[in-house]
Amino acid sequence: MPAGLRSLVVDDEQPVLDELVWLLERDDRIASVRATRSGTDALRVLEQGGIDVVFLDVAMPGLSGLDIARLLGRFREAPRIVFVTAHEAHAVEAFEMNAVDYLLKPIREERLRESVRRACVEGTDTTETGDEQIAVELGGVTRFVSRASVAYVEAQGDYVRLHVDDGGSHLVRTTLGVLAQEWADAGFARVHRSLVVNLARVREVRMQAGRCSVVMAVGDDRVELQVARRHTRTLRDLIHERAL
């Protein structure tokens with residue numbers, strides 16, 4: 001990749017398109033900026049390659065930004081996606097498509113620079129830390145929390161609730177089974193049909209009357225969680241492996 005991101009801006013509103021291009025050209029992390037008002041034209045550019053990040057308007061005639069994002073999901077090497085819209089309605093769907101950010105109009109330069117930063121981070125190798133940013137909704141605003149800040153996860157129907165360091169919690173649209181599988185390599189383990197814990201946050205394993213529980217560090221607090229019998233042996237083995 002060149003010394004900077006090669007970007008494509010897609011928006012059917014010319015004033016918004018011009019503003020985004022102008023703002024991006026002021027950012028020294030951006031190597032080049034291409035622009036189009038058509039989703040179809042944007043797809044032609046993307047199929048040619050050479051784009052690292054695309055700023056996509058969600059609502060456009062013909063191919064919408066969401067349509068383009070779905071098509072990019074089939075690319076072997078897809079660019080990072082930043083959605084740009086006047087509405088928050090599609091935020092959850094956007095992040096399910098692995099968008100790095102969701103920008104609301106009117107665009108503020110400071111907020112756009114944050115999107116560029118996230119696009120740069122997304123393009124780096126994070127294998128050593130195993131951390132990633134999780135999109136959550138809070139008061140109608142999409143925010144990001146670090147996976148490393150999650151102490152434990154609780155099932156709530158078709159959602160999960162992330163319990164994080166600051167004592168707060170966030171609902172995320174996924175199932176506990178899927179999350180447990182995807183986060184296993186990052187040090188998370190299922191201890192109950194409704195619980196997944198961050199092994200790095202386990203402070204005690206307690207056995208009493210044949211029942212097992214774990215004491216979790218959640219910020220400055222301690223929370224005790226029950227461990228199902230069928231998960232007890234696996235949990236103890238995993239904790240022992242981490243201690244070696």
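Predicted, not measured: the structure shown is a model, and the values here were computed from it.

**Q** Whenever I open this one, the environment of A78 confuses me. Can you help?
**A** Looking at the secondary structure, you find A78 in the loop between α3 (65-72) and β4 (80-85). Distance in space between the C-alpha atoms of A78 and I51 is 8.4 Å, their sequence separation being 27 residues.

**Q** What's the story with unusual backbone geometry in this structure? I'm lost.
**A** Negative phi is the rule for most residues except glycine; trans is the rule for most peptide bonds. Residues K105 and P106 are joined by a peptide bond in cis, for which omega reads -5°. Mapped onto the fold, P106 is located in the loop between β5 (101-104) and α5 (109-122). The backbone phi angle of A209 is positive, close to 55°, even though this residue is not glycine. Mapped onto the elements, A209 comes out in the loop between β13 (202-208) and β14 (211-218). Residue A209 is classed as exposed on the basis of its relative accessible area of 75%.

**Q** Teacher, can you tell me more about the sheet that holds strand β2 (residues 30-36) here?
**A** The strands that make up a sheet pair up through hydrogen bonds in the backbone, lying either parallel or antiparallel. The strand order β2-β1-β3-β4-β5 describes an open sheet built from five strands, whose pairing is parallel. The open sheet has two free edges, formed respectively by β2 and β5, since each of these has just one partner strand. The mean inter-strand angle of the sheet, taken between neighbouring strand axes irrespective of direction, is 20°. Direction of pairing for strand β1 (residues 5-10) relative to strand β3 (residues 53-57): parallel, over a ladder of four bridges. Its bridge partner lying in β3, S7 is registered against V53. Along the sheet face, helix α1 (residues 14-25) touches β1, β2, β3 and β4 and points at about 170° away from the line of β2. Against the sheet, helix α2 (residues 39-48) contacts β1, β2 and β3, and its axis sits at roughly 160° relative to β1.

**Q** Sorry if this is basic, but what is going on with the side chain of R201 here?
**A** Here R201 lies in the loop between β12 (195-198) and β13. Setting aside residues up to four positions removed in sequence, R201 forms contacts with A148, S149, V150, A151, D165, V215, M216 and A217.

Calculation rules
- Residues numbered from 1 in each chain as written.
- Predicted model: local features only at pLDDT ≥ 70, side-chain atom pairs only at ≥ 80, totals over all residues.
- Heavy atoms only, no water.
- Helix = DSSP H or I, 4+ residues; strand = E, 2+ residues; numbered from the N terminus.
- Buried < 20%, exposed > 50% of the residue type's maximum accessible area, 1.4 Å probe, protein only.
- Pairing = 2+ DSSP bridges.
- Axes fitted to C-alpha atoms, helices over the stretch in contact; angles between N-to-C directions.
- Contact = heavy atoms within 4.5 Å.

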